[in-house]
Amino acid sequence: MRLLQKNIVPIVFIVLCTIGFHYSGLSWMFFANDLMTRLARNSFLVISLIIPVLAGMGLNFGIVLGAMAGQFAAFITVVYNLTGITGFFLACVLSIPFAVLFGWLTGILFNKAKGKEMITGLILGFFANGLYQLVCLIFIGWIIPISNKALLLPSGIGFVNTLDLKIWQYAIDKFYVFKLKGITTPLLKYLNNINFPVLTLIIVALLCTAVYLLFRTKLGQDFRAVGQNRHIAEVAGIKVDRVRIIAVIFSTVLAAWGQLIFLQNIGNVQVYGSHVQVGTFAVAALLIGGASVSKATIGQALLGTVLFHALFIVSPLAGKNIMGSAQVGEYFRVFVAYGVIGIALALHAWQRLTKKE
Amino acid sequence: MTGAARLEMKNISKQYYGNRVLKGLSFSVNKGEVLSLVGENGAGKSTLMNILFGMPVIHSTGGFDGEIFLDGEKANIKSPEEAMKLGIGMVHQEFMLLPGFTITENIKLNREITKDSLLSKIFGKPMKWLDLPAMKADARQSMDTIGLGIDEMLPVRGLPVGHMQFVEIARELDKKNIRLLVLDEPTAVLTESDADKLLEAMKILTGKGISILFISHRLDEVMAASDKIVVLRDGEQIAETRPSETTIDRIAELMVGRKIESGEMVGRPPSELKDDYILEIRDLSVAMPGERVKGVNLDVKRGEILGIGGLAGQGKIGIANGIMGLFPSDGDVKKNGKTIKLNAARASLDNAMAFVSEDRRGTGLLLDDSIEFNIVATAIQVQGKFLTPGKVRILDSQAMTGLATNMIQELDIRCTGPGQLTRRLSGGNQQKVCIARAIILEPNLLFVSEPTRGIDIGAKKLILDHLVKLNRDNGLTIVMTSSELAELRSICDRIAIVYQGKLEGILLPTDSDRDFGLMMAGEYHKFHGKEAV
Amino acid sequence: MDNDFLNKLGIPRLIISLFLAFLVAAAFSFGLPMGQIFSAMLTRFGMNSLLVLAMIPTIQAGAGPNFGLPFGIICGLIGATLAIELDLRGFTAFFFAIGVSIPLGAIAGWLYGLLLNRVKGQEMTVGTYMGFSIVSVMCIFWLMAPYKSPEMVWPYGGDGLRVTVVLDGRMEQLLDRFLSFTVNGVTIPTGLLLATALCCVLLWIFMRTRTGLAMSVVGSNPRFAEASGLNVNKYRLLASVVSCAMGAAGIVIYSQSYGFIQLYQAPLYMALYSVSAILIGGASLQRATITQALIGTFLFNALLVIALPVANVAMDSDISEIMRVIISNGIILYALTRKEVGGDAR
């Protein structure tokens with residue numbers, strides 16, 4: 001019973017996904033394949049949220065800035081035509097300076113708004129999006145010269161809406177294995193038909209291990225100490241502000257890489273759109289996995305990614321079959337993302353208030 | 001071996017903004033000795049500890065005078081980190097433990113034992129692995145030293161208070177260079193049996209050569225545990241003595257004794273006040289954090305000034321807060337024979353009682369509103385005053401400003417005008433605004449808590465004089481709660497002393513220092529009881 | 001003295017005013033049609049002001065700017081769409097819409113207020129996401145609701161209501177045109193400005209009644225309010241009710257002036273724009289006045305109105321939307337990182 005209560009959020013969503021799947025009429029194979037792709041391309045972004053949660057800064061809506069850093073790096077590879085797996089990894093490297101800078105600035109801002117990090121991160125995301133548009137829409141081609149005119153709007157100023165990333169699409173996703181011949185065991189045969197992007201999954205697994213191991217180091221211990229009580233950590237001589245900034249920088253860099261993995265799967269960048277909902281969707285996924293504002297684990301991040309995207313896959317069709325309109329399903333999943341965050345935040349605030357009294 | 005003392009404080013003085021809070025203290029503790037510091041609240045104990053720890057609050061206010069020697073070496077302590085490096089440890093009154101960490105992690109907080117990792121060669125310390133087995137072993141050792149037999153990997157959350165205290169001590173002990181340990185009221189939150197264990201643990205520590213500075217209000221513990229006792233009062237070192245050379249009542253007397261000329265006491269003898277009670281309190285309990293009241297019985301005579309005194313944390317503050325409905329309370333309170341509904345601020349206000357809170361900035365004022373609005377705000381809500389006549393009644397600014405101008409004159413509030421924000425006023429003037437707000441409610445019973453806390457001497461006198469004037473001229477009954485015994489004795493007719501949430505007894509301002517001291521330390525009945533036998 | 005003046009004006013307000021002055025000067029030198037620009041400024045000011053004024057009750061009651069304004073806005077949209085569904089025109093349509101919106105908004109505000117009282121200290125974050133959620137729930141509503149009016153449903157085969165509903169001939173610019181006149185090429189939207197003035201007066205009176213004063217005491221210091229016998233939660237709830245009701249009426253005024261009802265995702269960021277307007281006016285997250293709301297609304301909207309044509313001439317690109325995003329969110333960030341004054345003593 002306690003177990004049920006503790007995991008009520010994921011359980012509700014498992015039920016919701018099951019019902020949705022039933023009504024969507026999708027085949028298992030399609031569903032599993034789609035889910036696997038989405039898990040591989042989205043989980044990195046969700047995992048990037050864990051460190052700030054444990055460092056007591058709540059859900060870092062500021063990872064939108066990380067996504068922007070990733071996109072800036074992607075633009076550079078497109079402009080200089082760096083292709084293939086080299087191009088992709090170069091993009092990852094190039095994103096680091098951007099992400100560190102953005103993360104550092106975010107961290108400073110968060111330190112000035114202690115206790116209000118989440119709303120600050122959210123508004124910061126919007127604000128940064130304004131600056132991002134200023135750069136991509138006004139500065140590009142005007143202040144920052146771009147030789148390849150095909151990337152620019154007809155006026156010669158600003159990037160076009162969609163930049164093609166064919167140069168390194170599937171750079172890491174294309175390493176499928178498991179296409180063995182002559183397997184007859186039913187279950188294995190079934191699994192054999194799913195496209196496992198092995199390299200991507202390995203990278204995600206490595207990341208999970210790295211985050212896990214990080215919390216076995218001195219720095220990880222400092223994150224956790226600061227997360228529990230800033231004052232006590234300060235008295236014990238931990239440089240609280242510095243630790244918090246480092247936590248945000250980690251999160252931002254991971255988000256930048258996460259966005260690049262996402263883009264290499266999609267194969268293009270919506271210059272003015274790809275990053276906008278990154279924060280909201282990642283946060284919603286983490287919460288659906290059963291995390292809270294102050295506690296999150298890697299398992300919850302992965303489970304949440306699976307459930308959130310399962311809902312994403314089934315809801316348009318389920319909406320169409322139940323309500324007679326695919327639009328309803330679309331709006332429903334948007335509502336789920338916002339609603340889950342809203343409810344989780346409300347519950348957290350409520351609990352904190354009752355604890356105080 | 002007659003080496004230098006472990007800690008020697010020489011001629012320590014400190015002033016805050018021209019206000020001398022420590023006046024030339026000198027004492028020393030030898031290796032393995034326990035020195036107890038006793039004194040009322042505000043006697044200077046915490047300032048002294050702040051100096052010893054190099055707290056920023058000391059250095060940001062101009063430092064201090066005097067010298068500190070540790071084992072004969074002059075110590076120049078500029079920050080808590082330096083104090084720690086010098087081997088000074090502190091067990092705080094409120095626990096400095098992270099609830100989500102295990103005991104081991106807490107003991108080793110920011111002093112974790114680490115091993116090299118691949119990345120630490122590049123990025124340094126932050127990337128080193130934690131060496132958990134080694135940390136566990138260390139924690140175990142410190143815990144065993146003080147006889148804390150529980151599992152070192154238990155989370156701190158959920159531990160009994162007594163154990164948390166021991167974990168704190170174990171943490172200080174784990175600092176290998178520890179020479180001097182400060183225990184700041186460690187037994188205040190403990191049950192008697194836990195407190196006994198703590199005293200035993202202190203013996204173990206001193207046996208290992210660690211010196212202890214012990215701060216406590218429980219005088220029997222002080223007598224039992226110390227080698228030396230230093231009594232502080234008003235920042236002065238009143239006495240340095242040994243348990244064998246003194247008695248509890250002597251210490252109590254030293255703690256509170258203050259020269260008040262009988263001419264300064266304006267209280268009237270009991271014969272002048274009739275046994276006509278305006279307020280009867282029966283079995284009042286108030287759940288005010290840190291100031292719990294646990295069943296107080298007290299009667300207030302019509303027309304008197306009744307003082308409520310006692311040490312901090314004993315519950316004196318809770319009484320007025322409970323009656324005025326600010327904290328959950330239980331019991332029976334009758335005003336003029338009529339029962340007052342508890343837990344309802346409005347009911348108390350409607351019954352012609354008013355309250356000047358001890359928490360001036362937190363409860364007493366709207367800091368970002370004008371003086372005039374502060375004065376009338378409660379009257380508007382409770383009594384519907386200062387509103388224009390008519391169907392839609394809105395704020396009558398003229399009436400408000402007029403009244404505020406009068407009040408500013410009457411109470412001599414120093415300000416630029418009735419429109420000034422109260423945030424910009426000095427403490428004394430803020431207090432006058434609070435009093436004005438209470439008075440215009442036209443109460444016949446006024447509760448005033450800590451009216452002079454944080455206020456300069458001149459304003460103090462003005463406020464106290466005004467309270468007496470209100471009492472004598474308007475017949476206003478006043479119940480004044482204060483930590484400053486001297487001010488209670490100077491204006492009250494009777495003084496009730498609260499100890500451990502209960503009424504310990506009622507004294508007259510003219511009673512002896514010794515009786516006040518004993519009562520505040522909860523030893524009065526024990527003592528007088530003994531004498532009787 | 002100089003410093004004091006700067007503090008009073010506030011650095012952001014100073015920067016924005018200077019920027020506005022610069023843009024006006026630029027517009028003059030480019031020979032842009034100033035009459036039209038000033039008319040547009042007045043109209044935008046009038047159509048947004050009630051939505052910004054709606055921030056005052058919750059700020060004063062200590063619940064911060066009302067990020068949950070969409071709760072009120074959707075009620076206003078329901079009122080406006082119902083007026084069309086019933087085929088009402090002119091002032092009948094307008095007053096019907098207002099009459100339906102206000103009670104609905106009050107109910108929504110009451111529910112939202114119950115939530116706010118349980119999440120004290122986190123009103124902004126929770127309010128934002130609850131506002132987003134309700135907007136997406138209403139997206140489903142607009143799709144499914146059994147509206148029949150051909151002016152509102154998709155002409156062929158689509159589901160539910162259109163994204164924008166044209167108010168042409170219903171109540172388009174009803175207030176704007178009422179008693180309107182033109183001076184020196186500047187059209188004065190008299191009715192709209194009068195309506196704004198009326199709202200200000202009503203709000204001013206309300207905030208000075210015993211109830212309104214209680215609300216402001218509660219926000220200024222909840223402990224003080226309790227000690228004065230006030231029920232803190234009750235007044236916070238009331239503030240939310242008033243604010244959402246104002247938001248509901250505000251969107252009706254906004255829509256009639258704009259000439260369209262915008263459904264679906266349109267209300268998503270409206271709360272943010274109202275919050276930033278009042279902050280630009282010099283309000284803080286704890287204290288706000290009617291003057292600040294009006295100044296902020298004017299500065300913010302005037303800037304947006306003039307930026308568009310000036311940028312078009314100067315650099316041939318649309319920078320006004322970008323500017324809106326940067327300025328509005330920038331000012332909120334500024335307010336969030338300012339040292340908190342006052343606040344809850346607990």
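Keep in mind the model is a prediction, meaning the values are calculated, not measured.

1. Quick look at the sheet that holds strand β21 (residues 494-499) of chain B
All names here are of chain B.
Then, number 1: Pairing in this open sheet of 6 strands is mixed, and the strands run β18-β19-β20-β15-β21-β22 from one edge to the other. The open sheet has two edge strands, β18 (353-356) and β22 (502-507), and neither has a second partner. In this sheet, neighbouring strand axes are inclined to one another by 20 degrees on average, regardless of whether the strands run parallel or antiparallel.
Then, number 2: Inspection of the sheet shows strand β19 (residues 445-449) paired to strand β20 (residues 477-481) by 5 bridges, in the parallel sense. Each bridged residue has a counterpart across the sheet, and for Ser-449 the counterpart in β20 is Thr-481.

2. Description of the domain arrangement of chain B
Residue and element names in this part refer to chain B.
Then, number 1: Under the domain assignment used here, chain B contains domain 1 (9-246), domain 2 (271-352 + 443-533) and domain 3 (361-442).
Then, number 2: Computed from C-alpha coordinates alone, the two centres of domain 2 and domain 3 are separated by 26 Å.
Then, number 3: Each side of the interface is counted separately: domain 2 has 15 residues, and domain 3 has 16 residues.
Then, number 4: Summed over both sides, the interface of domain 2 with domain 3 buries roughly 1,200 Å², with 72% coming from carbon and sulfur.
Then, number 5: At the boundary of domain 2 and domain 3, one finds 0 salt bridges.
Then, number 6: Linking domain 2 to domain 3 there are 2 residue pairs in polar contact (both at pLDDT 80 or more).
Then, number 7: Looking at the side of domain 2 that touches domain 3, the elements with two or more residues in it are α12 (345-350) and α17 (457-474).

3. Some words on a nonpolar patch on the surface
Then, number 1: A surface patch of nonpolar side chains, about 550 Å² in accessible area, is lined by Val-15, Ile-19, Tyr-23, Ile-322 and Met-323 of chain A together with Met-144 of chain C.
Then, number 2: Broken down by secondary-structure element, the contributors of at least two residues to the nonpolar patch are α2 (8-24) and α14 (298-323) of chain A.
Then, number 3: Relative to the elements of secondary structure, Ile-19 of chain A occurs in helix α2.
Then, number 4: Given the relative accessible area of 42%, Ile-19 of chain A is considered partly exposed.

4. Some details on the packing of aromatic side chains
To describe a pair of aromatic rings, you give the distance between the ring centres and the angle between the ring planes.
Then, number 1: The tally for this structure, following the rule as stated, stands at 34 aromatic pairs over all chains.
Then, number 2: For the ring pair Phe-21 of chain A and Phe-31 of chain A, a centre distance of 4.8 Å and an interplane angle of 55 degrees mean the geometry is tilted. Taken as a pair, Phe-21 of chain A in helix α2 and Phe-31 of chain A in helix α3 (residues 28-47) lie far apart in primary sequence, 10 residues in all. Pair check on accessibility: Phe-21 of chain A and Phe-31 of chain A agree, each one buried.
Then, number 3: Taking 5.3 Å as the distance between ring centres and 25 degrees as the angle between the ring planes, the aromatic pair formed by Phe-61 of chain A and Tyr-129 of chain C counts as stacked. Within this pair, whereas Phe-61 of chain A is found in the loop between α4 (50-54) and α5 (63-79), its partner Tyr-129 of chain C is found in helix α7 (residues 123-144), the two belonging to separate chains.
Then, number 4: A network of ring pairs unites the aromatic residues Phe-61, Phe-126 and Tyr-338 of chain A together with Tyr-129, Phe-132 and Tyr-269 of chain C as a single cluster.
Then, number 5: Above the ring of Tyr-212 of chain A, the side-chain terminus of Arg-216 of chain A is found at 4.4 Å from the ring centroid.

Cut-off values and rules
- Residues numbered from 1 in each chain as written.
- Chains lettered and ligands numbered in written order.
- Predicted model: local features only at pLDDT ≥ 70, side-chain atom pairs only at ≥ 80, totals over all residues.
- Heavy atoms only, no water.
- Pairing = 2+ DSSP bridges.
- Helix = DSSP H or I, 4+ residues; strand = E, 2+ residues; numbered from the N terminus.
- Axes fitted to C-alpha atoms, helices over the stretch in contact; angles between N-to-C directions.
- Domains from an automatic or database assignment.
- Contact = heavy atoms within 4.5 Å.
- Buried area = accessible area lost by both parts, 1.4 Å probe.
- Salt bridge = Lys/Arg side-chain N within 4 Å of Asp/Glu carboxyl O.
- Polar contact = N/O pair within 3.5 Å; in protein donor to acceptor, adjacent residues only side chain to side chain.
- Patch = residues over 30% accessible without salt bridge, like charges linked within 9 Å, V, L, I, M, F, W, Y side chains within 5 Å.
- Areas by Shrake-Rupley, 256 points an atom, 1.4 Å probe, with all protein chains shown as cover.
- Buried < 20%, exposed > 50% of the residue type's maximum accessible area, 1.4 Å probe, protein only.
- Phe/Tyr/Trp six-rings, centres within 6.5 Å; stacked < 30°, edge-to-face > 60°.
- Lys NZ or Arg CZ within 6 Å of the ring centre and 35° of its normal.

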